[in-house]
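Understanding the architecture of this molecule
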Amino acid sequence: MKKKIPLMFILLLLFVLTACNASDEGEKDNGSNQNPVPEEKDNEDGKDEEIVETDPYQFPLTGIGMQDESTQRAVAAMISNQPPARPQTGLSKADVVYEILAEGSITRFLAIYQSDLPENIGPIRSARDYFIDISQGYDSVYIAHGYSPEAKKMLNSGKYDHLNGIRYDGSLFKRASFRNAPHNSYITFQNIEKGANDEGFSLSGAPKPMAFLSEDDVANLTGENGAELTIKYSSNNNQLNAEYKFNAQTGKYERYSGGVKTAELDSNIPVLIDNIIVVETTHRIIDSKGRRDIDLSSGGKALLFQKGKVKEVEWKNESGRLVPYEGGQPAKLVPGKTWFNVVPDMNIVSYQ
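Summarised in this report is the structure supplied together with it. (Residues numbered from 1 in each chain as written. Predicted model: local features only at pLDDT ≥ 70, side-chain atom pairs only at ≥ 80, totals over all residues. Heavy atoms only, no water.)

1. Observations concerning the pattern of salt bridges
Throughout the structure, instances matching the rule amount to 13 salt bridges. A salt bridge links R167 to E199, with the nearest nitrogen and oxygen atoms 2.9 Å apart. Linking R167 in helix α4 (residues 165-168) with E199 in helix α5 (residues 189-199), this pair joins segments that are 32 residues apart in sequence. We classify R167 as exposed; its relative accessible area is 61%. In this structure E199 comes out as partly exposed when scored by relative accessible area, which is 30%. Put simply, K194 and D198 hold a salt bridge, and the shortest N to O gap is 3.0 Å. You can see K194 and its partner D198 sitting in helix α5, 4 residues apart, about one turn around the helix. Classification of K194 by relative accessible area gives partly exposed; the value is 45%. Given the relative accessible area of 47%, D198 is considered partly exposed. (Salt bridge = Lys/Arg side-chain N within 4 Å of Asp/Glu carboxyl O. Helix = DSSP H or I, 4+ residues; strand = E, 2+ residues; numbered from the N terminus. Buried < 20%, exposed > 50% of the residue type's maximum accessible area, 1.4 Å probe, protein only.)

2. Observations regarding the sheet that holds strand β10 (residues 185-188)
In space, the 3 strands of this open sheet follow the order β6-β10-β9, with antiparallel pairing throughout. Both edges of this open sheet fall to β6 (120-121) and β9 (173-175), since each of them pairs with a single strand only. Across the sheet, α5 is in contact with β6, β9 and β10; its angle to β10 comes to roughly 75 degrees. (Pairing = 2+ DSSP bridges. Contact = heavy atoms within 4.5 Å. Axes fitted to C-alpha atoms, helices over the stretch in contact; angles between N-to-C directions.)

Here it is as structure tokens:
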């Protein structure tokens with residue numbers, strides 16, 4: 001005799017089987033689903049959004065970012081540019097350089113240091129009054145070895161913090177054995193610090209900052225072609241002329257004299273420049289040795305070279321500094337190093 005299975009038991013069994021099948025199907029769907037809904041996660045690693053950190057400070061004479069505010073006072077050194085003085089030492093580290101005629105067709109450099117202090121600088125040459133005036137536009141400690149009569153009066157007035165090789169020859173200033181005088185005087189930054197301490201003047205107090213372009217402004221610079229520039233300070237000696245060539249790979253200008261790249265004596269590191277400003281002004285011979293009086297106050301025509309392009313601008317003297325102006329406003333510079341070439345006539349300048 002067959003036993004009947006209670007209806008309630010059958011219904012309960014069907015319910016359990018249905019629930020298990022549903023559970024199995026759910027697991028299969030989760031494992032084979034080709035477009036699963038992503039799980040929301042906290043942004044702990046920050047990978048899904050870009051965080052751009054900017055340096056809170058800039059070096060005042062280069063506009064290059066830095067983490068800590070710079071308090072270094074500027075130092076301005078007279079460096080020889082005669083062929084027997086080449087290659088120079090420390091020139092590539094200068095934030096700002098002024099190249100101006102001294103005697104004849106020979107130029108001299110005023111190299112201004114603030115963001116990068118070279119171990120050694122030279123050959124150091126004698127002072128000129130107009131170089132002293134420019135150095136004070138950056139509140140610099142002025143370094144020279146010797147002086148013209150006008151410069152001597154200025155330095156002896158006590159108004160200018162300076163170190164001169166006439167007083168410190170053989171102590172703070174050292175003579176190199178591999179070159180002949182007057183192209184063999186060098187000074188280390190360690191000796192500049194020692195001399196400043198002995199003389200009682202400070203090496204603290206950063207100069208007033210220059211005006212610089214933003215990254216977007218640099219990318220959108222306009223102008224005529226200005227990838228190559230030649231300044232003929234001499235009509236018969238190419239060794240005394242200045243040439244600049246824009247390197248598209250580095251985005252900077254390189255400098256040449258007589259076809260030889262301007263670079264460091266010991267390391268052969270080249271001088272690399274971001275802004276070149278050519279300034280036209282009146283030059284006047286004032287003595288039998290060919291020394292000059294150069295008008296650096298009246299303002300006038302200028303050319304501004306940046307990123308392989310050139311613009312015609314004007315220049316003005318602002319508290320000793322030569323400042324390019326465009327459309328009545330100071331022209332901003334590409335962050336980096338800046339060179340000024342002061343010329344008596346724009347006719348000696350050519351570019352392409």
